[in-house]
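# Structural features, examined
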Amino acid sequence: MINRDRLAELSQREKLVFTERNPRSKAAYEQAGHLFGRVPMTWMNKTAAGFPVYLASAHGATVTDLDGHSYVDFSLGDTAAMAGHSPKPVVEAVQHRLQTLGGASTMLPTEDAAWVGAELARRFNMPYWSFALTATDANRWAIRLLRAVTGRPKILFNSYCYHGSVDESLIVLDGDGRPASREGNVGAPTDVTTTSRVAEYNDLEGLERELANGDVAAVLMEPALTNIGIVLPEPGYLEGVRELTRRYGTYLINDETHTFSAGPGGATGRWNLQPDVVTIGKAIGGGIPSGAYGLSEEITEKIAERKDLDLIDMGGVGGTLAGSALSVAATRATLEHVLTDQAFQHMEDMAGRFAAGVDRTIKEHQLPWSVSQLGARVEYRFADPAPRTGTESARSADPDLEDFLHVYLANRGILLTPFHNMALMSPSTTAEQVAHHDAIFERAVRELLSARRDPS
Ligand SMILES: Cc1ncc(COP(=O)(O)O)c(C=O)c1O
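Because the structure is predicted, anything quoted here is derived from the model rather than measured.

### What to know about helix 2 (residues 23–31)
Within the span of helix 2, buried status applies to Ser25, Ala28 and Tyr29. For helix 2, the angular spread of buried residues about the axis comes to 100 degrees, placing them on one side. Of the exposed residues in helix 2, those oriented more than 90 degrees away from the buried face are Arg24 and Gln31.

### Looking at the packing of helix 4 (residues 111–124) against helix 10 (residues 325–338)
Their axes nearest at 9 Å, the elements helix 4 and helix 10 cross at an angle of 40 degrees. Regarding the angle of helix 4 to helix 10, the classification is oblique. As helix 4 runs across helix 10, the sense of the crossing is left-handed. Counting all contacts with helix 4, which are made through Asp112, Ala113, Trp115, Val116, Glu119, Leu120 and Arg123, the residues of helix 10 involved are Val328, Ala329, Thr331, Arg332, Leu335 and Glu336. The residue inventory of the contact of helix 4 with helix 10, partitioned by class, reads 7 nonpolar, 1 polar and 5 charged.

### Details of the pattern of salt bridges
When their charged atoms lie close together, side chains carrying opposite charge are able to pair. Within the structure shown, the criterion is met by 29 salt bridges. Across the pair Asp438 and Arg360 runs a salt bridge, and its minimum N-O distance is 3.3 Å. One end of the pair, Asp438, is in helix 14 (residues 431–449); the other, Arg360, is in helix 11 (residues 341–364), with 78 residues separating them in the sequence. Assessed through its relative accessible area of 52%, Arg360 is described here as exposed. Salt bridges sharing partners connect three or more residues here, namely Arg13, Glu14, Arg412 and Glu447.

### As for a nonpolar patch on the surface
A cluster of nonpolar side chains, namely Met41, Trp43, Met44 and Phe419, defines an oily patch on the protein surface of about 380 Å² accessible area. Residue position: Met41 is located in the loop between helix 2 and strand 1 (55–59).

### Observations regarding the sheet that holds strand 14 (residues 377–381)
In spatial order, the strands read 13-14-16; together these 3 strands make up an open sheet with antiparallel pairing. Both edges of this open sheet fall to strand 13 (370–374) and strand 16 (422–424), since each of them pairs with a single strand only. Within the sheet, the average angular offset between the axes of one strand and its neighbour, ignoring direction, is 20 degrees.

### So, the confidence of the model for the protein
Looking at the protein as a whole, its pLDDT mean stands at 96, while 99% of the residues score no less than 70. Across residues 452–456 the pLDDT falls below 50, and counting only partners more than four positions away or on other chains, this stretch makes 10 contacts in the model.

### Concerning the site of the ligand
Taken together, 14 residues form the shell around the ligand, and within it Thr136, Asn227, Asp255, His258 and Lys282 come nearest. The contact in question runs from an oxygen atom of the ligand to an N or O atom on the side chain of His258, over 3.2 Å. One nitrogen or oxygen atom from the side chain of Lys282 is found 2.6 Å from an oxygen atom belonging to the ligand. Summarising the interface, the protein chains cover 88% of the accessible area of the ligand, which totals 390 Å² for the free molecule. At 3 residues, helix 5 (residues 135–150) tops the list of elements feeding residues into the shell around the ligand. Of the residues assigned to the shell around the ligand, the class counts are 2 nonpolar, 8 polar and 4 charged.

Cut-offs applied
- Residues numbered from 1 in each chain as written.
- Predicted model: local features only at pLDDT ≥ 70, side-chain atom pairs only at ≥ 80, totals over all residues.
- Heavy atoms only, no water.
- Buried < 20%, exposed > 50% of the residue type's maximum accessible area, 1.4 Å probe, protein only.
- Helix = DSSP H or I, 4+ residues; strand = E, 2+ residues; numbered from the N terminus.
- Arc of directions from axis to C-beta.
- Axes fitted to C-alpha atoms, helices over the stretch in contact; angles between N-to-C directions.
- Parallel < 35°, antiparallel > 145°, perpendicular 65-115°, else oblique.
- Left-handed = near helix turned anticlockwise from the far one by under 90°.
- Contact = heavy atoms within 4.5 Å.
- Nonpolar A, V, L, I, M, F, W, Y, C, P; charged D, E, K, R; others polar.
- Salt bridge = Lys/Arg side-chain N within 4 Å of Asp/Glu carboxyl O.
- Patch = residues over 30% accessible without salt bridge, like charges linked within 9 Å, V, L, I, M, F, W, Y side chains within 5 Å.
- Areas by Shrake-Rupley, 256 points an atom, 1.4 Å probe, with all protein chains shown as cover.
- Pairing = 2+ DSSP bridges.
- pLDDT = per-residue confidence, 0-100.
- Near = heavy atom within 4 Å.
- Polar contact = N/O pair within 3.5 Å; in protein donor to acceptor, adjacent residues only side chain to side chain.

So this is what it looks like as structure tokens:
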């Protein structure tokens, strides 16, 4: 449907506009010669226009860049800022801890940690919690513990999942349906097929085939895939995963880092799931690094029986800054005052409007695209019907089209997550901001499909 010449021509035009619009960001990028890749973290080079916009300030769902442009931020730090940027209760809690009380990192517990543990237990129905600073570490430590208690070597993942830079997770099914190292698995310590197994999301037969080998300690999965577009569970799939994991003596970890968008207790709470472990990170800290993993009664009992496991000193689990006073103070403020039940209601309403707007444009222009929603998260994919596995969703990617839309939107004051077409709503996101996206998205599509040469 998309005329590739027209797409190339419009992309070129938008990249020029971007460059002319952002001279200070461009200069800052050019001056950062002592940063590896010119950016603080190499992923920040995932930008469609050759350099990233530089952050000047951010409040609520609005970001302002170095050149003075303001953006409706639907990226929200790829979920790290789902609570909105610098929410007041978090700022106050951080100031109180850092300035008034003092002691950001001391390796001593604070009462906030116990409050957060109890709140996470209530939301995710998981009784015992421990902290990390990132979701990656929460996942790493959870899988170490489950390998230890089961004595099994492997972890199973869904093809095209993402759980952070966890070595074991960088596995996919290749074009012939065979397990293989994922593209971008930089410096792998070992052949990933020796540490991991893989099955397609929504494929219970494939899952059973792998679990039947009897060597899988845990399935680590998102209840819905969110990192290759949103892939929602088909009826019976999640129940089937739980039944099969129990049958084959494999533990089930729900990574709720992104599916937290489904509600105050993530997808686990919303769909009444019963995993053995929940991991989470990003949004719970309200912008301050924070991660956590929750363990079932059964797992903590099994760990307690294992007197040989050293979890107090050299255990391979834990980090100096994890559960720091600052991190748990921010997490408490986020959960107590910002990402509340009421806030989720508003976020989901905004997401519903966003999805309806995208759907209207898709239908109006009869595009073979689809839009999926998971609570406060929305994503459109260049496939219709919406993909049902990670591999199908990966096949529907169109990097040139994605880049065009990202730059077009950025030039008109809208940020989407750079990695895909994901939009997330915060408690501060407004109906006007969503309507702005509706209008600009429709205009981008109209320009793309029109043979006219003039910018509208
Ligand atoms: C589902 C999921 N788990 C874990 C992570 C890792 O988070 P972090 O990079 O903050 O450690 C991500 C990051 O995108 C994620 O999407």
